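Fold and contact review
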Amino acid sequence: MSRPDEIAAPTPAAAAPVGVAASRRLRSFPETLAIWLVLVVLLVVAGALSEAFLRPVYLGNIIRQAAPIGIAAVGVTFVMILGGVDLSIGATISLGAVLCAAAMNGDPANIAPAVALACLAAGAIGALNGILIAVTGVSPFILTLGTAITLYGVTQLVTGGTAHGIIAPGFREVFNVRIGGILPTLGLAFLVVAAAGATVQHVTTFGRRLYLIGSNPAAARLAGLPVRRTVILAYTLSGLLGGLGGIALLARSGVSGSLAASGYEFDVLAAVVLGGTTFEGGRGGIGGTVAGVLILFVAFNLVNVIGLNYHAQLVVKGAVIIVASAIYRRLRDAGSS
Amino acid sequence: MTAGRTAGRLAVAAAGPPILWVTVVLVGVAAALLPGFFSADNLANVLRQSAVLALLAIGQTFVVVAGMMDLSVGMLATLVLVLAADLMDGRAEATLAAVGLAAAVGIGVGALTGVLNNLLRINSLILTLGTLTILQGVTFIYTDQSLGAPSPAIAWLANGDVLGLPPSFLLVVLLVALAHLALHHTRFGVHLAAVGGAPQSARQAGIPVGRVQLAAFVISGLSAGLAGLVLLGRLGTGYPNAGIGLELDAIVAVVLGGTALAGGRGSVIGSVAAAVVLGIVSNMLNLLEVSSFVQMVIKGLVVIMVILIGQVRPERAA
């Protein structure tokens, strides 16, 4: 049960995979519904405790806050449906933010090339992760951990260890305009990325292959699915969305500290797992991940509004991670018996 | 598969993978070319610097062999460090109480993790990510700035020497010997490997899976408690950010040392050797006056390379 990184060994059941995987996907639907229910309940509780949560502007702000982690979590969801994991996501977010700020260098004319550079670099890192994992069969957990250490070093080299690069005028403003006076552009960007991710997951062949490979890699290989190509594409998307998450972080905070997103890998993993995607692969999806991200950030804000400090927020966050995972486990056991 | 080959393979598993020892030799040769590396002082320094990671890696090996992971050890060590520093506050007579406290907190948190693992049956990675976050919160609620100081005995444990060797490293050697025996020469060790390698079969064979996993978390907690004390001795103060990230370093050491992340087999000797290799690499880079940023890049690349080379094995047929 605790094999987060290894591809499952071939089992006798390998012979009848497709129908099983399909029915598993159908069964995962009530799970996704359950996580949204949890979010609604949490919002009702929050609204009862503080009127702030009833104000659309405040809710729009929560979505804006969640954007960097949320955008990155979409990519990591793909990787985890596949049965992999991407621990380099926090380092990729950091590098994306730092590269974007450094390339922008205070000039509005540089905004587009800077964004392109950050995406390109982050996508390349993801592709490299994917190629190494697909070709050598190395454990994704330990490989992406190695990538993370390397990238944090590279990021610090770029910045010299301090805040670095100047944001061009207009960059933050564009992202913080409130559409209809409610939802900041940055929040909208998160929702757009999530919608795009959900479309890829539901509509494309790539999306279906993720589930088939994740639930039974040996059968997928025997069935002639392009396992390597799918793995490489999934990690490339994870890297690319990590880069976008870094740009979102820059837009949100306006500063690019060299370790801006260190530790974010854990937040991203927590959000994805809360959303019902497991380390074992083959289940879950973007819809659940979005709910997972929002639950984490509503919970943080609630703790804040109640008047507890950041330290207490950590305790609540840890408890939310454990309790929500345990509830899922129950739901899943009930659903599969 | 013949019995001889099996025995041979088990012996290899117990001593760590060949790639690790190749790395040890290479790093040793490279280090020998550096003036100043082979001085007795510097060698003792390397061991002193490696002790904390080595202690964490010993405990983590048990958890990984059982097919799980314990991400909480870095923050657990930090909590122990802060509590022990506050308790001792430099007083010699409080040493024993601090050691007791470290053991109690380590074992207690490890047992709690094990019980939650058995009750909730959620992935160990996500469970200990939760406990890591809670422990960090608790540590920061206790103090958000450095406080207290180690007693002279704890400072000596981390910084002193016995016949030229650091006491903390002698402790590591003692614990490695015990852990090696437990892992490879006891029924518990066999059960641990069975639980990690084939949990379903282990359960059907009547092995108390829950109890074995609980024991692994308790061992990991205890080693984190001891690591917290040694880290306190090195730092000289109860710094609440001291152990952040150590959990991932420990897992790196365990994997470099030849323990499979999938569980089922492992080597404490390998884990500790890997921790020392990482210590030697950073010591060499320090002697070469390489900046800490470049050191991080090199460390990451070393991890990736060793892992990838170790991956290319004839056994990898599936």
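This structure is a prediction, so every number in the text was calculated from the model and none was measured. (Residues numbered from 1 in each chain as written. Chains lettered and ligands numbered in written order. Predicted model: local features only at pLDDT ≥ 70, side-chain atom pairs only at ≥ 80, totals over all residues.)

The helix and strand tally for chain B stands at 14 helices and 0 strands. In chain B, the order of α-helices and β-strands from amino to carboxyl end is α-α-α-α-α-α-α-α-α-α-α-α-α-α. What you see for chain B is a C-alpha radius of gyration of 19 Å, in line with the 20 Å of a compact globule of 318 residues. Expressed along its principal axes, the backbone C-alpha trace of chain B runs to roughly 55 × 50 × 35 Å. When the 318 residues of chain B are sorted by exposure, 52% land in the buried category. For chain B, long-range pairs separated by at least 24 residues make up 81% of all intrachain contacts whose partners lie at least 6 apart in sequence. (Helix = DSSP H or I, 4+ residues; strand = E, 2+ residues; numbered from the N terminus. Rg over C-alpha atoms; globule rule 2.2 N^0.38 Å. Buried ≥ 20, exposed ≤ 12 C-beta atoms within 10 Å, placed from the backbone. Contact = placed C-beta atoms within 7 Å.)

A few words on the packing of helix H12 (residues 246-256) of chain B against helix H13 (residues 268-287) of chain B. Packed helix pairs are characterised by how far apart their axes lie and by the angle those axes make with each other. All names here are of chain B. Two elements in contact, H12 and H13, have axes separated by 7 Å at closest approach and are oriented at 115°. The two elements H12 and H13 meet at a crossing, and its hand is right-handed. From H12, Ala253, Val254 and Leu256 reach across to H13, where they touch Ser271, Ala274, Ala275 and Leu278. (Axes fitted to C-alpha atoms, helices over the stretch in contact; angles between N-to-C directions. Left-handed = near helix turned anticlockwise from the far one by under 90°.)

Listed as interface residues are 41 residues of chain B and, on the opposing side, 44 residues of chain A. Among the elements of the structure, helix H5 (95-120), helix H6 (124-142), H12 and helix H14 (292-311) of chain B are those that each provide at least two residues to the side of chain B that touches chain A. Looking at which element gives the most residues to the side of chain B that touches chain A, the answer is H6(B), with 14 residues. Taken together, the residues that form the side of chain B that touches chain A break down as 28 nonpolar, 10 polar and 3 charged. (Nonpolar A, V, L, I, M, F, W, Y, C, P; charged D, E, K, R; others polar.)

Here the focus is H12(B). Residue and element names in this part refer to chain B. Most of H12 sits out of view: 10 of its 11 residues are buried. Those residues of H12 lying buried are Leu246, Glu247, Asp249, Ala250, Ile251, Val252, Ala253, Val254, Val255 and Leu256. Where H12 ends, the next residue or the one after it, Gly258, has phi of about 100°, a positive value.

Moving on, we come to helix H7 (residues 152-159) of chain B. Among the residues making up H7(B), those that are buried are B:Ile154, B:Leu157 and B:Ala158. Each buried residue of H7(B) lies within a common arc of 90° when the element is viewed along its axis, so the set occupies one face. (Arc of directions from axis to C-beta.)

Residue and element names in this part refer to chain A. Contact pair helix H2 (residues 56-81) / helix H11 (residues 264-274): the axes reach a minimum separation of 9 Å and the direction vectors enclose 65°. Read as a crossing pair, H2 and H11 show a hand that is right-handed. Along the contact surface, H2 presents Ile69, Ala72, Ala73, Val76, Thr77 and Met80, while H11 presents Tyr264, Asp267, Val268, Ala271 and Val272. Classifying every residue of the contact of H2 with H11 gives 9 nonpolar, 1 polar and 1 charged.

A few words now on the UniProt feature "transmembrane region" (unreviewed entry) in chain A. The sites that carry the UniProt feature "transmembrane region" (unreviewed entry) are, in the present numbering, residues 33-54, 66-99, 111-135, 142-167, 179-200, 231-251 and 286-308 of chain A. End C-alpha atoms of residues 66-99 of chain A are separated by 21 Å, and the span's content is 79% helix alongside 0% strand. (UniProt positions renumbered as here; feature names shortened; annotations may be inferred.)

Right, let's talk about the confidence of the model for chain A for a bit. Do not read the fine detail of predicted coordinates wherever pLDDT is low. Across chain A, the average pLDDT comes to 85, with 87% of residues at or above 70. In the model, residues 1-23 of chain A has pLDDT below 50 throughout and makes 40 contacts with residues more than four positions away in sequence or in other chains. (pLDDT = per-residue confidence, 0-100.)

Okay, the environment of B:Gly148 next. All names here are of chain B. Tracing the chain through its elements places Gly148 in the loop between H6 and H7. In the structure, Gly148 is positioned 65 residues away from Leu83 in sequence and 8.7 Å away in space, judged by C-alpha atoms. Aside from chain neighbours lying at most four places away, what touches Gly148 is Ala85, Asp86, Met88, Asp89, Thr237 and Gly238.

Next up on the list: unusual backbone geometry. All names here are of chain B. One non-glycine residue, Asp89, adopts positive backbone phi at about 45°. Residue position: Asp89 is located in the loop between helix H4 (73-88) and H5. Its identity is not glycine, yet Leu163 carries a phi of approximately 50°, on the positive side. The class for Leu163 is exposed, based on 5 C-beta atoms found within 10 Å.

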